[in-house]
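# Summary of structural features
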Amino acid sequence: MKKIGVLTGGGDCPGLNAVIRAVVKKSNKYRWATIGIKNGWKGLIDGDTTPLSNHHVSGILPKGGTILGTSRTNPLKEKEDGKKLTENINKFGIDAIVVIGGEDTLGAALKVHKMGIPVVGVPKTIDNDLSGTDFTFGFDTAISIVTEAIDRLHTTAESHHRIIVVEVMGRHTGWIATMAGMAGGADEILIPEKPFDINVICKKLKERYDNGKTFSIVVVSEGAKPRDMNKLATLTEQKDEFGHVRLGGIGNIIAKEIEKRMGVETRVTILGHVQRGGTPTAYDRILATRFGVAAVELIKEGNYGKMVALQGNKIVPVELETAVSKLKTVDMKLYEIAEIFFGK
Ligand code: F6P
């Protein structure tokens, strides 16, 4: 009989509970015990755990957030923490850990694996920027929320003949902006992968007005950057344990410039954490469930140091190293499709 630890780290996202439920129920099939590690890696350092049985995961499939809690704790930042982590794994008799997280949490999982601790990763992030997998769970829910917001902003922008700038999450990559912008019929999409020139943006928006349109929707990723600005727009310069600052504010900067240059009333909507909250879509519930089951199967095979990934319609194991070595940036072919509709 094995004892499997499960943790959720980094920013939360819809579908985390669906993975936890799948891990627990699949482990039960093998008569293995599962133990929940509270608040990401922090729980392993503090020895903060909770039992997880069928009864604990009952009813959590549609719930947003994570029943285990999360944190942005980097377990190997301090030498002392690494020691505590190993001691607690031994103390609780954990045989393998399912680590559910994005680039930072899985980056730490790779290091923990290299210390000789059996780990399996599950790709989570609304940003969809992990390599090795076509999609991460949480992303579909985020783009559904953003698409609905764009639809709503369209009607008010149209009524008031305004330009509305919608700022969405996406620290390093513009997947949310590109996909939701495409689904919502955005008139301009600004992403981190493509530094922009505000003059060119205004020229395209003007083309729309020349074509008789009296409103526009501009979708911008929080990590997008004008070509002539040498730093990202931030809310605070304070860094988290993985060295990230909190981004935000580029929407306001752009809106001010657009209004000044075009003389058209412009408003800003920053969607923020609403993109990460609430119930997962059916797609994310299914993907999260498949990932959770596949993670337990990898443990059964003793196939550690891997992340479960979606490739085509199959769930396959990929090296954790591959998943975290570089970010998956937006496919420019996809962006070019969205671009066809700008200025029209
Ligand atoms: O990594 C996911 C993400 O949602 C990013 O898009 C965003 O920059 C960040 O988390 C926000 O994090 P926090 O929860 O610390 O505000």
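What counts and what doesn't
- Residues numbered from 1 in each chain as written.
- Predicted model: local features only at pLDDT ≥ 70, side-chain atom pairs only at ≥ 80, totals over all residues.
- Heavy atoms only, no water.
- Helix = DSSP H or I, 4+ residues; strand = E, 2+ residues; numbered from the N terminus.
- Rg over C-alpha atoms; globule rule 2.2 N^0.38 Å.
- Contact = heavy atoms within 4.5 Å.
- Areas by Shrake-Rupley, 256 points an atom, 1.4 Å probe, with all protein chains shown as cover.
- Lys, Arg positive; Asp, Glu negative; His and termini not counted.
- Charge placed at Lys NZ, Arg CZ, Asp CG, Glu CD.
- Phe/Tyr/Trp six-rings, centres within 6.5 Å; stacked < 30°, edge-to-face > 60°.
- Buried < 20%, exposed > 50% of the residue type's maximum accessible area, 1.4 Å probe, protein only.
- Lys NZ or Arg CZ within 6 Å of the ring centre and 35° of its normal.
- Axes fitted to C-alpha atoms, helices over the stretch in contact; angles between N-to-C directions.
- Parallel < 35°, antiparallel > 145°, perpendicular 65-115°, else oblique.
- Left-handed = near helix turned anticlockwise from the far one by under 90°.
- Nonpolar A, V, L, I, M, F, W, Y, C, P; charged D, E, K, R; others polar.
- Core = buried A, V, L, I, M, F, W, Y, C linked by side-chain atoms within 4.5 Å.
- Domains from an automatic or database assignment.
- Near = heavy atom within 4 Å.
- Polar contact = N/O pair within 3.5 Å; in protein donor to acceptor, adjacent residues only side chain to side chain.
- Salt bridge = Lys/Arg side-chain N within 4 Å of Asp/Glu carboxyl O.

Bringing the overall build of the protein chain into the picture now. Looking only at helices and strands, the protein chain has twelve helices and 13 strands in total. A compact globule built from 344 residues should have a C-alpha radius of gyration of about 20 Å, and the protein chain, at 21 Å, falls within 12% of that. In terms of overall dimensions, the protein chain has C-alpha extents of about 70 × 40 × 30 Å along its principal axes. Here the contacts in the protein chain between residues at least 6 apart in sequence split such that 74% fall between residues at least 24 apart. For the protein chain, the accessible surface area stands at approximately 14,700 Å², while carbon and sulfur atoms represent 52% of it. Positive and negative side-chain charges of the protein chain, numbering 47 and 40 respectively, have mean locations separated by a distance of 4 Å.

Considering all chains together, one arrives at four aromatic pairs under this definition. Here F135 and F139 contribute two aromatic rings whose centre-to-centre distance is 6.0 Å and whose plane-to-plane angle is 15 degrees, an arrangement assigned as stacked. Note on F135: relative accessible area 26%, which makes it partly exposed. With relative accessibility at 1%, the residue F139 sits in the buried group. Ring geometry for Y335 against F342: centres 6.1 Å apart, planes inclined by 80 degrees, an arrangement best described as edge-to-face. For F342, a relative accessible area of 4% gives the class buried. Taken together through their ring pairs, the aromatic side chains of F135, F139 and Y283 make up a single cluster. One Lys or Arg, K300, reaches over the ring of Y30 and ends 4.6 Å from the middle of that ring. One cation-aromatic arrangement involves K328 over W175; the distance from NZ or CZ to the ring centre is 5.3 Å.

Next up on the list: the packing of helix α7 (residues 175-184) against helix α12 (residues 332-339). Here α7 crosses α12 at 40 degrees, and the two axes come no closer than 10 Å. In terms of orientation, α7 and α12 fall into the oblique class. In the crossing of α7 with α12, the sense of the turn from one axis to the other is left-handed. Counted together, W175, T178, M179 and M182 of α7 and L334, Y335, I337 and A338 of α12 form the full contact between these two elements. Tallied by class, residues from the contact of α7 with α12 come to seven nonpolar, one polar and no charged.

On to unusual backbone geometry, then. In most cases, non-glycine residues show a negative phi, while peptide bonds are predominantly trans. In this structure, R31 is a non-glycine residue whose phi angle is positive, near 60 degrees. By the element assignment, R31 lies in the loop between α1 (16-29) and β2 (33-37). Residue R31 is classed as exposed on the basis of its relative accessible area, which comes to 69%.

With that settled, the discussion passes to the nonpolar core. Of all hydrophobic cores here, the largest spans 59 residues; its most connected members are I20, V98, I100, V122, F137, I176 and I189. Two domains share this core, each providing at least three of its residues, namely domain 1 (3-137 + 280-325) and domain 2 (141-276). Within the second largest apolar cluster, 24 residues are counted, among which are I37, L44, I89 and V318.

Once that is clear, we can look at the site of the ligand. Around the ligand, the neighbouring residues are R72, I126, D127, M169, G170, R171, E222, H273 and R276. Here D127 contributes a side-chain N or O atom positioned 2.8 Å from an oxygen atom of the ligand. Relative to its unbound accessible area of 400 Å², the ligand is 81% covered by the protein chains. In terms of residue class, the shell around the ligand is made up of two nonpolar, two polar and five charged.

Next up on the list: α7. Of all the ten residues making up α7, eight are buried; the element is thus mostly covered by neighbouring parts of the structure. Taken as a whole, α7 has its buried residues at W175, I176, A177, T178, M179, A180, G181 and G184. Check the buried side of α7 and you find it contacts α6 (139-160), β6 (163-168), β7 (188-190), β8 (216-221) and α12. Looking one or two residues beyond α7, the residue adopting positive phi is G185, at roughly 70 degrees.

Moving on, we come to the domain arrangement of the protein chain. Under the domain assignment used here, the protein chain contains domain 1 (3-137 + 280-325) and domain 2 (141-276). Summarising the inter-unit geometry, the C-alpha centres of domain 1 and domain 2 are found 33 Å apart. Counting from both sides, the interface comprises 18 residues of domain 1 and, opposite them, 17 residues of domain 2. One can count one salt bridge joining domain 1 with domain 2. In this structure, R276 and D12 form a salt bridge, with 3.0 Å as the shortest nitrogen-oxygen distance. On inspection of domain 1 and its partner domain 2, the count reaches seven residue pairs in polar contact (both at pLDDT 80 or more).

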